[in-house]
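Residue-level structure breakdown
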Amino acid sequence: MCFILNPIDTVENISPEDFKKNYLDPRRPLVIKGLTKSWPAREKWTPEYLKQVVGNKVVPLYDNSKADPSKPINSRASEMPFDEYIDLIRSQPTELRIFFFNIFKQAPQLLDDIVLPKDLMGGFLESMPAMFFGGSNSVTFLHYDIDLPHIFHTHFGGRKHVILFENKWKRRLYCIPNATYALEDYDVLNPDVKKFPALDGVEGIEVFLEHGDTLFMPTGYWHWMKYIDGSYSLSLRAWDASLTRKAASVYNLAVKGGVDSALKMLFKERYAKFREELAIKWANKELAEGKPF
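The following paragraphs examine the structure supplied in this document. (Residues numbered from 1 in each chain as written. Predicted model: local features only at pLDDT ≥ 70, side-chain atom pairs only at ≥ 80, totals over all residues. Heavy atoms only, no water.)

**Thoughts on the overall build of the protein**
Along the protein, the regular secondary structure elements total six helices and 14 strands. Over its C-alpha trace the protein gives a radius of gyration of 19 Å, about what one expects of a compact globule, namely 19 Å for 293 residues. A buried classification covers 48% of the 293 residues belonging to the protein. With the model as given, the accessible surface of the protein reaches about 13600 Å², and the carbon-plus-sulfur share is 53%. Looking at the protein, you have 38 positive and 38 negative side-chain charges, and the mean spots of the two groups are 5 Å apart. (Helix = DSSP H or I, 4+ residues; strand = E, 2+ residues; numbered from the N terminus. Rg over C-alpha atoms; globule rule 2.2 N^0.38 Å. Buried < 20%, exposed > 50% of the residue type's maximum accessible area, 1.4 Å probe, protein only. Areas by Shrake-Rupley, 256 points an atom, 1.4 Å probe, with all protein chains shown as cover. Lys, Arg positive; Asp, Glu negative; His and termini not counted. Charge placed at Lys NZ, Arg CZ, Asp CG, Glu CD.)

**Quick word on the environment of Asp-113**
Counting through the fold element by element, Asp-113 comes out in the loop between α5 (103-106) and β7 (130-134). Here Asp-113 falls in the buried class, since its relative accessible area comes to 3%. Once the C-alpha coordinates of Asp-113 and Leu-183 are considered, the two residues, 70 residues apart in sequence, prove to be 38 Å apart. In terms of polar contacts, Asp-113 uses its side chain to reach the side chain of Lys-44, at 3.2 Å. (Polar contact = N/O pair within 3.5 Å; in protein donor to acceptor, adjacent residues only side chain to side chain.)

**Considering the pattern of salt bridges**
For the structure on display, the rule yields 16 salt bridges. The partner of Arg-28 in a salt bridge is Asp-9, and the shortest N-O contact between them spans 2.5 Å. Highlighted residues: Arg-28 in the loop between α1 (16-24) and β3 (30-32) and Asp-9 in the loop between β1 (4-7) and β2 (10-11), separated in sequence by 19 residues. A salt bridge links Lys-118 to Glu-126; the shortest N-O distance between them is 2.7 Å. Classification of Glu-126 by relative accessible area gives exposed; the value is 51%. (Salt bridge = Lys/Arg side-chain N within 4 Å of Asp/Glu carboxyl O.)

**Some words on the packing of aromatic side chains**
The final tally for this structure, using the stated rule, is 20 aromatic pairs. Centroid distance Phe-82 to Phe-133: 5.4 Å. Interplanar angle 90 degrees. Geometry classified as edge-to-face. Of this pair, Phe-82 sits in helix α4 (residues 82-91) while Phe-133 sits in strand β7, and the two are 51 residues apart along the sequence. In this pair, the class of Phe-82 matches that of Phe-133, namely buried. An aromatic cluster is built from Trp-45, Phe-82, Phe-101, Phe-104, Phe-133, Phe-156 and Tyr-232, whose rings are joined through pairwise contacts. One cation-aromatic arrangement involves Arg-171 over Trp-282; the distance from NZ or CZ to the ring centre is 3.9 Å. (Phe/Tyr/Trp six-rings, centres within 6.5 Å; stacked < 30°, edge-to-face > 60°. Lys NZ or Arg CZ within 6 Å of the ring centre and 35° of its normal.)

**What to know about the sheet that holds strand β9 (residues 150-156)**
One open sheet holds the seven strands; their spatial order is β2-β3-β12-β9-β14-β7-β6, and the pairing between them is mixed. Here the strands that pair on one side only, and so sit at the sheet edges, are β2 and β6 (97-101). Running over the sheet, α1 touches β3, β9 and β12 (214-217) and is turned about 55 degrees from β12. Sitting on the sheet, α4 is in contact with β6, β7 and β14 (231-238), with an inclination near 50 degrees to β7. (Pairing = 2+ DSSP bridges. Contact = heavy atoms within 4.5 Å. Axes fitted to C-alpha atoms, helices over the stretch in contact; angles between N-to-C directions.)

**Thoughts on the side chain of Asp-147**
With respect to the secondary-structure elements, Asp-147 resides in the loop between β8 (139-143) and β9. For Asp-147, a relative accessible area of 9% puts it in the buried group. Aside from chain neighbours lying at most four places away, what touches Asp-147 is Arg-237, Trp-239, Ser-249 and Leu-253.

**A few points about the sheet that holds β1**
A sheet is described by the order of its strands in space; here five strands give the open sequence β1-β11-β10-β13-β8, paired in mixed fashion. Edge positions in the sheet fall to β1 and β8, since each has one partner strand and no second. When the angles between neighbouring strand axes are averaged without regard to direction, this sheet yields 20 degrees. Relative to strand β13 (residues 222-227), strand β10 (residues 160-165) runs antiparallel, the two being bridged by six bridges. Bridging across to β13, His-161 finds its partner in Lys-226.

Here it is in structure tokens:
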């Protein structure tokens, strides 16, 4: 692999003081294995229980295919009743995944099974917990979250492979202009360095999440995820305390969200080709200049 991937810091538990000093303030990722040990969800959220409380609600599904330039980002590939989808990911490999599902609207009683880690930091968006589901083989493309939150990402029911990159590497990762995701033409696990030379030497962090593990992803961190087993995750989002970061979030939502989607719908393949060519140009320039320093 051309990336230089380091293991993530991992603790069983951490004090608020240590978390703030060593991870929140310097914006360093961390796995906290014991954060959810007091959560009812850790034992209660079995596939059968989630099927019971959500039932046959039809949910949109996404796959690993490259985004269609004529459609908005995150356009669905299919849909299926939730209970049938859970049976699918438990029984066989599939690329299909559920993206940013507010399961709590369907089953608000599930909120009683989790505990926001307010002892570690404030700023949680209590109205925006979201779940993600995937079958073995499903992949979340390389991106960072457009609204720039801190994320506590807890995994349930299996294993998940995660690769993280600090935002300073975004141009070397072939970040698409006016967007928060990377060129989708390379395989993150096995990139072609001859075709995409800027990837060589990019430094990141690798982690394998297991049932009950919580990954702290600081604001702006790029992440790529692959479900090793059919399983699911909960993301809790929190604002960064910095006013500058909040302003950047608003800018991203307005420009990289609204304007980019409008241009994509208006110019379709021409705009997509222009952005991809510019991403490659920027990446090569960054590499030639030895950036980031």
